[in-house]
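Per-entry structural report
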Amino acid sequence: MSTPDYYEYRHLVGFEETNLVGNVYYVNYLRWQGRCREMFLLEKAPEVLADVRADLKLFTLKVDCEFFAEITAFDELSIRMRLADLTQTQVAFTFDYVKIGADGTEYLVARGQQRVACMRGPNTDTRPTRVPEPLRLALEPYAAHPAAPSLTGTTTVG
């Protein structure tokens, strides 16, 4: 069995993440991107967290999410993060939000992206800095591949 090309964060949706109609409020998808990224750093690149506590800043430059299907409380999600782009000072991620059915089927319910810049310096004078080597190395196995297989039950939205 091969290792997946994504970092996975599992999440069980709670009532507090839904709106009055009962579906998940859109801002939670963005929170889950941040949480997935944080857990990746904790598990795969703890040296970078120590650097963040010093003077490294990870500025989110852009974030978006496209929705394909609604989810509700107690749906189980797999948020799957991949490396989309890596430059000297920036990292771009993609996120697949996959609903895991009770029978194990997987449904792509949303897809997101995020671009982060690495910066250093005091808040009044931050400047771009190279992506730390421990982060580059930790991200290598998660590089997105252009021809990723489609998920069972996924519908194409046009």
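Computed from a predicted model, the values in this text were never measured in an experiment. (Residues numbered from 1 in each chain as written. Predicted model: local features only at pLDDT ≥ 70, side-chain atom pairs only at ≥ 80, totals over all residues. Heavy atoms only, no water.)

As for the overall build of the protein chain
Looking only at helices and strands, the protein chain features 3 helices and 6 strands. In the protein chain, the succession of helices and strands from N to C terminus is β-α-α-β-β-β-β-β-α. Restricting to contacts in the protein chain with at least 6 residues of sequence separation, those with at least 24 account for 68%. For the protein chain, the accessible area works out to roughly 9300 Å², and carbon and sulfur atoms hold 54% of it. (Helix = DSSP H or I, 4+ residues; strand = E, 2+ residues; numbered from the N terminus. Contact = heavy atoms within 4.5 Å. Areas by Shrake-Rupley, 256 points an atom, 1.4 Å probe, with all protein chains shown as cover.)

Overview of unusual backbone geometry
Peptide bonds are mostly trans, and most non-glycine residues show a negative phi. Of note in this structure, Phe74 is not a glycine but carries a positive phi near 75 degrees. Positionally, Phe74 belongs in the loop between β2 (57-67) and β3 (76-86).

Digging into the packing of helix α1 (residues 27-44) against helix α2 (residues 46-54)
To characterise two packed helices, one gives the angle between the axes of the helices and the distance between these axes. Where α1 contacts α2, the two axes come as close as 5 Å, and the packing angle between them is 110 degrees. On the basis of the axis angle, α1 is roughly perpendicular to α2. Mapping the contact onto sequence places Leu41, Leu42, Glu43 and Lys44 in α1 and Pro46, Val48 and Leu49 in α2. Across the contact of α1 with α2, the residue classes break down as 5 nonpolar, no polar and 2 charged. (Axes fitted to C-alpha atoms, helices over the stretch in contact; angles between N-to-C directions. Parallel < 35°, antiparallel > 145°, perpendicular 65-115°, else oblique. Nonpolar A, V, L, I, M, F, W, Y, C, P; charged D, E, K, R; others polar.)

Concerning the environment of Val109
Mapped onto the elements, Val109 comes out in strand β5 (residues 106-120). Judged by relative accessible area, which is 2%, Val109 ranks as buried. Counting along the chain gives 11 residues from Val109 to Val98, while the straight-line C-alpha distance between them is 5.8 Å. Leaving out residues up to four positions away in the same chain, Val109 has contacts with Glu66, Phe67, Phe68, Ala69, Ile71, Leu77, Tyr97 and Lys99. (Buried < 20%, exposed > 50% of the residue type's maximum accessible area, 1.4 Å probe, protein only.)

A closer look at the environment of Thr89
Mapped onto the fold, Thr89 is located in the loop between β3 and β4 (90-100). According to the relative accessible area criterion, Thr89 is partly exposed, its value standing at 24%. Separated by 29 residues in sequence, Thr89 and Cys118 place their C-alpha atoms 5.5 Å apart.

Overview of the side chain of Asp5
Secondary-structure assignment places Asp5 in the segment before β1 (7-12). One polar contact links Asp5 to Arg82, side chain to side chain, over a distance of 3.2 Å. (Polar contact = N/O pair within 3.5 Å; in protein donor to acceptor, adjacent residues only side chain to side chain.)

Notes on the packing of aromatic side chains
On inspection of all chains with the given rule, the structure shows 9 aromatic pairs. Among the aromatic residues, those joined into a cluster by ring pairs are Tyr29, Trp32, Phe67 and Tyr97. (Phe/Tyr/Trp six-rings, centres within 6.5 Å; stacked < 30°, edge-to-face > 60°.)

Concerning the confidence of the model for the protein chain
Low-pLDDT portions of the prediction should not be read for the details of their coordinates. Averaged over the protein chain, the pLDDT score is 90; the fraction of residues at 70 or greater is 90%. No element of the protein chain has a lower mean pLDDT than α2, which averages 94, and none a higher one than β4, which averages 98. (pLDDT = per-residue confidence, 0-100.)

Here's the deal with a nonpolar patch on the surface
A contiguous nonpolar patch, built from Leu12, Phe15 and Phe74 and spanning about 370 Å² of accessible area, is present on the exposed surface. Considering the arrangement of structural elements, one finds Leu12 in strand β1. (Patch = residues over 30% accessible without salt bridge, like charges linked within 9 Å, V, L, I, M, F, W, Y side chains within 5 Å. Salt bridge = Lys/Arg side-chain N within 4 Å of Asp/Glu carboxyl O.)

Considerations on the environment of Leu49
With respect to the helices and strands, the residue Leu49 is situated in helix α2. Note: C-alpha distance between Leu49 and Leu135 (86 residues apart in sequence) is 9.9 Å. In this structure Leu49 touches Leu41 and Leu42, once residues within four positions along its chain are discounted.

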